[in-house]
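# Coordinate analysis (summary)
Spelled out from the first residue to the last, the chains are:
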Amino acid sequence: MGVPAAEKKVLLKVDQLKQYFPIKGGFFGRTINHVKAVDDITFDIKQGETLSIVGESGCGKSTTGRAILRLDEPTSGSIHFQDRDLLSLGKKEMRRTRKDLQVIFQDPFASLNPRQTIGKILGEALAIQNVVPKENRKSRIEELLGHVGLRPESMERYPHEFSGGQRQRIGIARALAVDPKLIICDEAVSALDVSIQAQVLNLLKSLQRQFDLTFLFISHDLGVVRHISDRVMVMYLGKIVEIADKKSIFEQPQHPYTRALLSAIPVPNPVHERERILLTGDVPSPIDPPNGCRFHTRCPFVQDICKTQLPELKRSAQNHQVACHIVS
Amino acid sequence: MKPEVVINNTELNVKERKSPKLRHWKAFYKKFKRNKLALVGGYIVLFYILLAIFAPLISPQDPYEIDLVNKLQPPSAEHLMGTDDKGRDILSRLLYGTRLSLTVGFVSVFFGAFIGILLGLAAGYYGKWIDTVIMRIVDVLLAFPGILLALAIISALGPSLINVMVAVGVFSIPMFARIVRGSTLSVRKLEYIDAIRALGATDFTIICKHIFPNILSPVIVQATLRLATAILSAAGLSFLGLGAQPPSPEWGAMLSSGRDYLFSAPHIALFPGIAISTLVLGFNIFGDGLRDALDPRMKK
Amino acid sequence: MFVFIIRRVLQTIPVLLGVSLVVFLIMQMVPGDPATLLAGEGATKETIESLRHELGLDRPILYQYVDYVLHAVQGDFGESLRSSRPVLDEIMVRLPITLELALASIFITVVLGMIAGIISATKQYSAADISIMIVALLGISLPSFWLGLMLIYFFSVNLHLFPVSGWGTFSHMILPAITLGAGGAAIVARMTRSSMLEVVRQDYIRTARAKGLKEYIIIYKHGLKNALIPVITVVGLQFGALLGGTVLTESVFAINGLGRLIVDAIRTRDLPMVQGGVLIASVIFVFMNLAVDVLYRYFNKRIDLN
Amino acid sequence: MNQDADKILEVKNLQTHFFTDEGTSKAVNGISFSLNKGETLGIVGESGSGKSITSLSLLRLIPSPPGKIAGGSILFKGEDLLTKSEKQMRSIRGNEISMIFQEPMTSLNPVYSAGEQIAEAIRLHQKLGKKEAWDKAVDMLRLVGIPSPEKRAKQEPHELSGGMRQRVMIAMALACHPEVLIADEPTTALDVTIQAQILELIKTLQKDFGTAVILITHDLGVVYETCDRVAVMYAGKIVEYTLAKEIFTNPKHPYTIGLLNSLPRLDMDQEELTTIPGTVPSPYNMPKGCSFAPRCPHAKGICEQAVPDLQAIGPSTEVSCWMFTPQWEKAYDAQEKVGI
């Protein structure tokens, strides 16, 4: 990873992405309102890096991942992957392109079909994209299992015969099966115990080096994010509040929300003494987000301008963008 | 760069080296077997199926042979269950009637389940307007109380056992559609469906290979319980004279012919009723047992 | 709440239209021409034609349907082919009897079913539980018409406790109400039991225990109210099954209710009568469901309107 | 450990077993610890360690069947809770010892208002009238930092956010001023900024009320910031029992060390995490010796043969590991001999 991040090629570019989910109601199921899960965000991911999205539940981080994969059709915006707009692709073309974008999910119990053996699960992944000729599939499956640290005999087994950590490894093998370029890890280690989580994190890192993978890593756990990311993007109520290099976001966080988030994490470290910003109240509803800065209702430094004007995401330092009236 | 350790402590022993499918079924059977009552249900159903298959071999008499001299005979050594108002052997008629009841049950449930599953899958998977349209149709079908919809259909098509199958089948559609839709919705939300979509699988593959097998359990349970209802409904329609026509040895029709002799020959009404009840009971407890073994929601 | 009721009432309109459409379409499936049937044997072609015109049968089917609905809304379901009296008049004579029977049965279904279910659930695996569950299994397996006949045989024929058939006095009501309500009671009992057993596994029951509440308060205050919510829905559906079941019960006990009217009409191919009878029974059921939904909503304010 | 009379709760050799079709699971397999007045004891462990079962056992809330407290004693103010009648237990639950749970979404009864559910506990234990109990419930809601408590008290749980529900749970638990509060993963289901609020609240109230707290958690950070002492559980046993600060500066048991190493750090970059290999053994198939031996980097023959006792190795530290016993040197030889 000798090349500085700024000089690397952009692999994925998300532009003004919006994802509104309709709320049905009224007499005949009219749409009466929208959940503004993701509300106009723009960012990019460079070849070979790991970009993390952090935020609390309902901030839109998982929705962003699903929109990029077109698991939900976005409301508006564009998603350029290797200079092609994914949202303009037809059904067939999109299916072909899916080979390059894969996903690893959170719940190791729900992410594998309980009625398929591991061999079937991986074999199907190979068959759908037809990446390996039929006669070589078995050996390819063995190879994949080897990559994620499982024995070839696992092929004959059903998901329920594995532990959570092992299942997560199978999910990773499935994503790897089609030689993807970008893998979206949607809370991929959140459901695991700390000791198992560490194993899986190490595995992800080593696979990234081995296969030159790009990760979009979605997580609420800042410790995990610090460990795995090159850059970090913080979201709050469907908006990006800050994007920066890992180092600057953890050492010089600028947005009050980022600072509060960082200070809220209990850290088992006696030398790590911090000022604590204790936020009051709950996150407002994404159906009716506050005017102006989304964070102003909980921000300890709130000014009048914050209540009326939406702050733009502005460059505050090299590789550091923040959306806050007070900082800029 | 080698990944750190190989962790897989699930050792494969030789005994377990059978095909994975087989192990799956064995585990299910083990769970099912623990429920003694359900096992009894299974045996009852099996017993009736065997009776239906071998009815011509084991029937002591011809079920259609009229013998007016010996009519309304109480049970005796010659006629174990007595004779009916036309002197026919009730036991033989019951044995042949097993065929009718089971056929009506299986055909109508299969018909109802088939259409119901298609509707439910479409509604649950595609959602949006397809869901709205299908569910409104289902709502309308469910707005008919009890077997009245079946009655209306028979009033148009005319009384016959075939029409009973159609009517009872139609009457079963909404139940299946609802259950399949509900299960489809919950399976659809699972991450493995998204994973397989992200791999580029077509809707057809997803529905057939990933959703359908995983909603099968509640469908099988419902179908078993529905068989009980279908047999009851069909017998009821025949009892009203709207189903099987004389001289057919249909149980409901036989029962109906016994009601005029309730004073003098109650056995005519007694035995067909016992036959219907036990078969239906068999399906009901078999279905209960299947539900306990198959449906994870009911797990203790 | 008020808005909810209004909305729910409006939602029944398409259902009612759908029901009428289904009934109408089923009747269109009848082989043969109603005019020919009505004119009787030996009628001339001209008579049949003019009858067709009179009945509007020569117009497009959509017109016929709209016409049918417009008449039905005004209570005009045509005339019985058999008695030539208005269908509605005939039905209104029979309907009160059927409703009486249905109400008596629903009472048995609810009271007996819930009490048995609660006893069963609170004493899981006890002798009482096992016997109740076996009886309930029998309850859903016995054909009601057979149960009715057996009740007549034992209580009327042998013991002379109740009249064999007919309608009018309280003692006339007992056997038919049991016959009709038994199956529903069994279903409600099973549902109540499984719903209660489900509820006592919930986290908030553990919270109630951790509070130091007595076991019966936990079950009756914290458990029952939650457990009964799904049971209400089942009771609503049972009412429909019960309305349908009157067809058989009325036949067994020779009660001159709506059910028997419909069955006789089918036998004599009195189609307007069948049409009207089925439609009115369905309308009653739809409104019954409406009432159940409102009740459900009242008991369970959490249900998401969306 | 502190031997003075401040001990309010003392657990000795507690065993809770589950009897299922697959066999007997010794979910809690002979653990001992104590709780002093007003202090916070953390019980930390990964899933399957038995920490939640321990907390439920203390109030005898283990679902039975299949669970059963198979042995040991739980001394609360010197009296064994395991010998008390169910009626006596009821007067302790929610009154002298209270509990809050992980899932605030499901732990409140959906059909009763927040105020009613708090008032219920007050009426039960303090024999107050309806009106007084309600007023006290509203006071409690105010105390736990719920804005406009009069209005909120009348709302049902579904109208409250997750953080607010957990506040309601805390209000309910503290309403009768218990001497011990057991908090079973109270913040696991909450977002991190809400978690910080709730932990802060528990700390403040604990000081005000003088309540002793047992905090069950899997999060070492939470332990560090809230607890005085900590017991680390692994596979149904306590492997290390020490001061909370001590465990981060001077961990002893190989499992504790492994756990700390597995944790991604917020304050420094690491290329690779040091992991504990393998997985937790199945509760139906526990190793004969130390249950951590199969994953332990230092394991020797003796570790696979016999279970080590929890022994004091310092003024405030107890460890269950052969490494800290006199047998350790000999054990090395023993294994060598086996090797030959």
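Residues numbered from 1 in each chain as written. Chains lettered and ligands numbered in written order. Predicted model: local features only at pLDDT ≥ 70, side-chain atom pairs only at ≥ 80, totals over all residues. Heavy atoms only, no water.

This part takes up the overall build of chain C. A tally of helices and strands in chain C yields 12 helices and zero strands. When the elements of chain C are put in sequence order from the N terminus, they spell out α-α-α-α-α-α-α-α-α-α-α-α. Taken along the three principal axes of its C-alpha coordinates, chain C extends 85 × 55 × 30 Å. Within chain C, the proportion of its 306 residues that are buried is 50%. A total accessible area of about 14,100 Å² is found for chain C, and carbon and sulfur atoms account for 67% of it. Of the charged side chains in chain C, 24 are positive and 21 negative, and the gap between their average positions amounts to 18 Å. (Helix = DSSP H or I, 4+ residues; strand = E, 2+ residues; numbered from the N terminus. Buried < 20%, exposed > 50% of the residue type's maximum accessible area, 1.4 Å probe, protein only. Areas by Shrake-Rupley, 256 points an atom, 1.4 Å probe, with all protein chains shown as cover. Lys, Arg positive; Asp, Glu negative; His and termini not counted. Charge placed at Lys NZ, Arg CZ, Asp CG, Glu CD.)

Time to look at unusual backbone geometry. Here the amide bond leading from Pro246(B) into Pro247(B) is cis, since omega sits at 10°, within 30 degrees of zero. Mapped onto the secondary structure, Pro247(B) falls in the loop between helix H8 (203–239) and helix H9 (251–258). Within the chain, Arg70(A) stands out as a residue other than glycine whose phi angle is a positive 55°. Here Arg70(A) shows up in the loop between helix H1 (61–68) and strand S4 (76–81). Here Ala254(C), not a glycine, exhibits a phi torsion of approximately 50°, which is positive. Note on placement: Ala254(C) falls in the loop between helix H10 (215–252) and helix H11 (258–267). Exposure remark for Ala254(C): the relative accessible area of 30% places this residue in the partly exposed category.

UniProt records the feature "domain: ABC transmembrane type-1" (unreviewed entry) at residues 95–296 of chain C, using the numbering of this structure. Note that residues 95–296 of chain C is 85% helix and 0% strand, and that its end C-alpha atoms are spaced 27 Å apart. (UniProt positions renumbered as here; feature names shortened; annotations may be inferred.)

Another aspect to go through is the sheet that holds strand S1 (residues 7–20) of chain D. Residue and element names in this part refer to chain D. Spatial ordering of the open sheet is given by S2-S1-S4-S5, a layout of four strands whose pairing is antiparallel. The open sheet has two free edges, formed respectively by strand S2 (23–36) and strand S5 (79–80), since each of these has just one partner strand. With 10 bridges connecting them, S1 and S2 associate as antiparallel partners. In the sheet register, lysine 7 faces S2, and the bridge partner there is asparagine 36. (Pairing = 2+ DSSP bridges.)

Spanning 15 residues, helix H4 (residues 128–142) of chain B covers 21 Å between terminal C-alpha atoms, matching the ideal 21 Å at 1.5 Å per step. Buried within H4(B) we find Asp131(B), Ile134(B), Met135(B), Val138(B), Asp139(B), Val140(B), Leu141(B) and Leu142(B). The elements touched by buried residues of H4(B) are helix H3 (90–126), helix H5 (148–157) and helix H6 (161–188) of chain B together with helix H1 (2–28) and helix H12 (271–299) of chain C. (Expected span 1.5 Å × (residues − 1). Contact = heavy atoms within 4.5 Å.)

Further remarks concern the sheet that holds strand S6 (residues 101–104) of chain A. Residues and elements named next belong to chain A. Overall, mixed pairing links the eight strands, which are arranged S6-S7-S8-S3-S9-S10-S12-S11 in an open sheet. Either end of the sheet is taken by a strand with one partner, and the two such strands are S6 and strand S11 (314–317). Neighbour-to-neighbour, the strand axes of this sheet turn through a mean angle of 20°, independent of strand direction. Helix-sheet contacts for H1 involve strand S3 (50–54), S6, strand S7 (182–186), strand S8 (214–219) and strand S9 (231–236), and the interaxial angle to S8 is about 145°. (Axes fitted to C-alpha atoms, helices over the stretch in contact; angles between N-to-C directions.)

Residues and elements named next belong to chain D. The buried fraction of strand S3 (residues 40–44) is high, at five of five residues. Covered by surrounding structure in S3 are Thr40, Gly42 and Val44 together with Leu41 and Ile43, the residues of both alternating faces. Direction of pairing for S3 relative to strand S8 (residues 212–217): parallel, over a ladder of five bridges. Note that in S8 the partner of glycine 42 across the bridge is leucine 215. In this sheet, strand S9 (residues 229–234) lies alongside S3 in parallel orientation, the contact comprising four bridges. Bridge pairing in S9 places leucine 41 opposite arginine 229.

Moving on, we come to the environment of Ile79(A). Residues and elements named next belong to chain A. Tracing the backbone shows isoleucine 79 in strand S4. Residue isoleucine 79 is classed as buried on the basis of its relative accessible area, which comes to 0%. Residues isoleucine 79 and alanine 67, spaced 12 residues apart in sequence, show a C-alpha to C-alpha distance of 8.9 Å.

The next subject is the UniProt feature "transmembrane region" (unreviewed entry) in chain C. Here, the residues flagged by UniProt with the feature "transmembrane region" (unreviewed entry) are residues 12–30, 101–120, 132–155, 167–189, 227–253 and 273–296 of chain C. The distance separating the terminal C-alpha atoms of residues 101–120 of chain C is 28 Å; by composition the span is 100% helix and 0% strand.

Now for the interface of chain A and chain D. Counting from both sides, the interface comprises 39 residues of chain A and, opposite them, 38 residues of chain D. With both chains or domains summed, chain A and chain D bury close to 3,500 Å², and 55% of this area falls on carbon and sulfur atoms. Three residues stand out in chain A for area buried against chain D, namely Val194(A), Pro266(A) and Pro268(A), and they jointly supply 16% of the buried area on that side. The interface formed by chain A and chain D includes two salt bridges. (Buried area = accessible area lost by both parts, 1.4 Å probe. Salt bridge = Lys/Arg side-chain N within 4 Å of Asp/Glu carboxyl O.)

Taken residue by residue, the interface counts 47 residues in chain C and 43 residues in chain B. Taking both partners together, chain C and chain B bury about 3,900 Å²; carbon and sulfur atoms supply 77% of that area. A salt bridge links Arg190(C) to Asp288(B); the shortest N-O distance between them is 2.9 Å. One can count seven residue pairs in polar contact (both at pLDDT 80 or more) joining chain C with chain B. Listed by contribution, the elements that provide at least two residues to the side of chain C that touches chain B are H1, helix H6 (127–141), helix H7 (144–158), helix H8 (170–199), H10, H11 and H12 of chain C. The element contributing the most residues to the side of chain C that touches chain B is H10(C), with eight residues. The residue inventory of the side of chain C that touches chain B, partitioned by class, reads 36 nonpolar, six polar and five charged. (Polar contact = N/O pair within 3.5 Å; in protein donor to acceptor, adjacent residues only side chain to side chain. Nonpolar A, V, L, I, M, F, W, Y, C, P; charged D, E, K, R; others polar.)

Together, Tyr43(B), Leu46(B), Leu50(B), Ile53(B), Phe54(B), Leu57(B) and Ile58(B) give the surface a local cluster of nonpolar side chains, amounting to about 720 Å² of exposed area. Assessed through its relative accessible area of 52%, Tyr43(B) is described here as exposed. (Patch = residues over 30% accessible without salt bridge, like charges linked within 9 Å, V, L, I, M, F, W, Y side chains within 5 Å.)

Residue and element names in this part refer to chain A. Of all five residues in S7, five are buried; the element is thus mostly enclosed. Neither face of S7 is exposed, since Leu182, Ile184 and Asp186 on one face and Ile183 and Cys185 on the opposite face are all buried. Of the strand pairs in this sheet, S7 and S8 are connected by five bridges, and their pairing is parallel. Bridge assignment links isoleucine 183 to a residue of S8, and that residue is phenylalanine 215. Where the polypeptide runs from S7 across helix H6 (residues 194–211) and back to S8, its parallel neighbour, the crossover connection is right-handed. (Right-handed = clockwise from strand over helix to strand, strands pointing away.)

This brings us to the pattern of salt bridges. Residue and element names in this part refer to chain A. What the rule picks out here adds up to 52 salt bridges over all chains. Two residues, glutamate 187 and lysine 61, come together in a salt bridge whose shortest N-O distance is 3.7 Å. On the criterion of sequence distance, the pair formed by glutamate 187 in the loop between S7 and H6 and lysine 61 in helix H1 is long-range, its members being 126 residues apart. An identical accessibility class is assigned to glutamate 187 and lysine 61; each is buried. Where aspartate 179 meets arginine 140, a salt bridge forms, and the shortest distance between an N and an O atom there is 3.3 Å. Note that aspartate 179 is positioned in the loop between helix H5 (164–176) and S7 and arginine 140 in helix H4 (residues 137–147), a separation of 39 residues in sequence. Each of Asp44, Lys46, Glu49 and Arg231 takes part in a single network of salt bridges with overlapping partners.

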